[in-house]
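# Notes for the structure review
The primary structure of each chain is shown beneath.
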Amino acid sequence: VSPAVSPAVLPRHMDSVLDILDALESPARGGSPGTAAALGRGLGVCSTPGCRAVLGEPPGTPERPPTLTPGQWQLLTELLRHDPATPELGAVLAPDGSTVALGPLMAGIEAGLRSGGFGLPLPTLDPPADPLLAVTIAETLGTSFLLAERSENNVTALGPGGCWDDVENPQNYTLRGPPSPVPDPVAIGAMDGVVLGARLARGPLPVAELLRGYYGSGNGSEAGRLPSSYRRRDFGALAGRGRLEKEVAAVLGVLRTLSPTPELLRDVGTQEVAAVARRAAQEFSERYVECPAIVPRCLWGARPYRGTPAPLQPPLGSVFLHHTLGPAQPCQTFGACARAMRDMQRFHQDTRGWDDIGYSFVVGSDGYLYEGRGWHWVGAHTKGYNTQGFGIGIVGDFTAALPDPDTLALVRDELLPCAVRSGHVRPDFTLRGHRQLGHTDCPGNALFQEIQSWPGFQ
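The model shown is predicted, which means the values in this text are computed figures rather than measured ones.

## Some details on the UniProt feature "domain: N-acetylmuramoyl-L-alanine amidase" (unreviewed entry) in the chain
UniProt marks residues 305–444 with the feature "domain: N-acetylmuramoyl-L-alanine amidase" (unreviewed entry), using the numbering shown here. Within residues 305–444, the helical portion is 25% and the strand portion 21%, while the C-alpha atoms at the span's ends are 28 Å from each other.

Here it is as structure tokens:
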């Protein structure tokens, strides 16, 4: 008898999940669109009182389907077993560079399929709450803010983000701070669950096909900007601040009617519920909908800073806009933008002799900001003015052509207002192109012309 082979360790990447879904749903192998959702429930996707009120009690613990290898079954079980103490174990890295918790994603997919008429109908909740928002974000958000309010020692209700050990073969995701019930991967998985659940409510589609279209497939695929990179915009269109506030309040009302009432709500009055819902919706929207996502240094593969960084004294009064010139082509995927960051850092450190990449932040045409020196450390972007403002570089050469409209909007309508709201930049800040402060053509004629109509330009 051959010794038991330990299952090959699969990367915790969305591609691994897509392979599993293909195996589960393929009609040739006896699968169907609801198979993955049912398995997810059996493995513990929906373990909270509110989620169970919507989707029903979970079926018994499932056996490994014959279409999955032991390694695939082990990964799926680990990703979907809900353990509030270790939320990072339920997450995978997506091709756009974001980290997605599978639990809220799968709950949203099941709610979407069922409201689209596939499987058991969803219950009518009292007070009326949207089942899709209830199982993805509203319950988690409401309970997280209630817990934070009740806690003695200044607990946060959202975040933190984290980093993978290796983006090519992700195995371990480490949070960069004490976890709340809504760390970044849970927020992202919930937003994706809402966006994709809403799509399924319009008519069933094989889940693997839906996810492949949304996330793209193949790590480092160079096909251009992925639909998943628009999640903040698309989620905001479905559940803006007002809608989210209403749904958080409604789901806390639903929890109150469950027997026995969850401990958390025992002596919480209607006013307090309303206040919690308002604060939760506001902070969630500011962090995950109205502000752009920032790819941390550890994720794009930054080398360490050389020497000792000098701290900035926020709020600063200026923002300086640059184009990177090299690479001359805008980067449209996580793989290409991360590579551009590593190349620029190498050039700035090895050729220019600087301590680090010079820019505070770099903007890709993939929908993401990339952390350079960040909000806290003096950069090397605008000689003579580095302590007075943040240097924002947009990847590409914008002498003759402009960045695409989405990239311009990311800087003008999201990054700048967000920097003011978060206290990094003064409300009366001035925006300037690099050429106004030094002998250079930066940020390129086309881009310099464009920013003259932006708020704060002087």
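## What about the environment of V273?
Along the chain, V273 turns up in helix α11 (residues 270–288). On the basis of relative accessible area, V273 is assigned to the buried category, the value being 7%. Linking V273 and L146, residues 127 residues apart in sequence, is a C-alpha distance of 8.5 Å. With sequence-adjacent residues up to four places away left out, V273 is seen in contact with A249, L252, R256, L265 and V268.

## Focus on the state of the cysteines
The final tally for this structure, using the stated rule, is 4 disulfides. The disulfide partner of C46 is C51, and the gap between their sulfur atoms is 2.0 Å. Taking the sign of the S-S torsion, about -125° here, the bridge from C46 to C51 comes out left-handed. Of the two residues examined, C46 and C51, each falls in the buried class. One disulfide in the model links C331 with C337; its S-S distance is 2.1 Å. Residues C331 and C337 share a disulfide whose torsion about the S-S bond is about 100°; that sign makes it right-handed. Judged by its relative accessible area of 4%, C331 is buried. Given a relative accessible area of 1%, C337 falls into the buried group. Cysteine pairing for the chain, with bonded cysteines counted in sequence order: 1-2, 3-5, 4-8, 6-7. Sulfur of C442: no disulfide; nearest cysteine sulfur belongs to C331 and is 16 Å away.

## So, the nonpolar core
Soluble globular proteins tend to pack their nonpolar side chains together in the buried interior. With 85 residues, the main nonpolar core has M14, L55, L76, I137, L141, F235 and F284 as its most contacted residues. Excluding residues within four positions of it along the chain, F284 makes contact with I137, L141, L158, A187, M191, F235, L244 and V289. In this structure, L369, F398, A419 and L447 belong to the second largest nonpolar core, which totals 26 residues.

## Digging into the sheet that holds strand β6 (residues 316–323)
In a beta sheet, neighbouring strands pair by backbone hydrogen bonds and run either parallel or antiparallel. Read across the sheet, 6 strands follow the order β5-β8-β7-β9-β6-β10 without closing on themselves; strand pairing throughout is mixed. This sheet does not close on itself; its edge strands, each paired only once, are β5 (294–295) and β10 (425–433). Here 6 bridges tie β6 to strand β9 (residues 389–394), and the two strands are oriented parallel to one another. Note that in β9 the partner of L321 across the bridge is I392. Lying on the sheet, helix α14 (residues 405–421) is in contact with β6, β7 (361–363), β8 (369–371), β9 and β10; it crosses β10 at an angle near 145°.

## Some points on helix α13 (residues 334–351)
Taking 1.5 Å of rise per residue, 18 residues should cover 26 Å, and α13 covers 25 Å from first to last C-alpha, within 8% of that figure. Elements that come into contact with the buried residues of α13 comprise β5, α12 (297–300), β7 and β8. Phi for G353, located one or two positions after α13, is positive at around 75°.

Cut-offs and rules
Residues numbered from 1 in each chain as written. Predicted model: local features only at pLDDT ≥ 70, side-chain atom pairs only at ≥ 80, totals over all residues. Heavy atoms only, no water. UniProt positions renumbered as here; feature names shortened; annotations may be inferred. Helix = DSSP H or I, 4+ residues; strand = E, 2+ residues; numbered from the N terminus. Buried < 20%, exposed > 50% of the residue type's maximum accessible area, 1.4 Å probe, protein only. Contact = heavy atoms within 4.5 Å. Disulfide = S-S within 2.5 Å. Core = buried A, V, L, I, M, F, W, Y, C linked by side-chain atoms within 4.5 Å. Pairing = 2+ DSSP bridges. Axes fitted to C-alpha atoms, helices over the stretch in contact; angles between N-to-C directions. Expected span 1.5 Å × (residues − 1).

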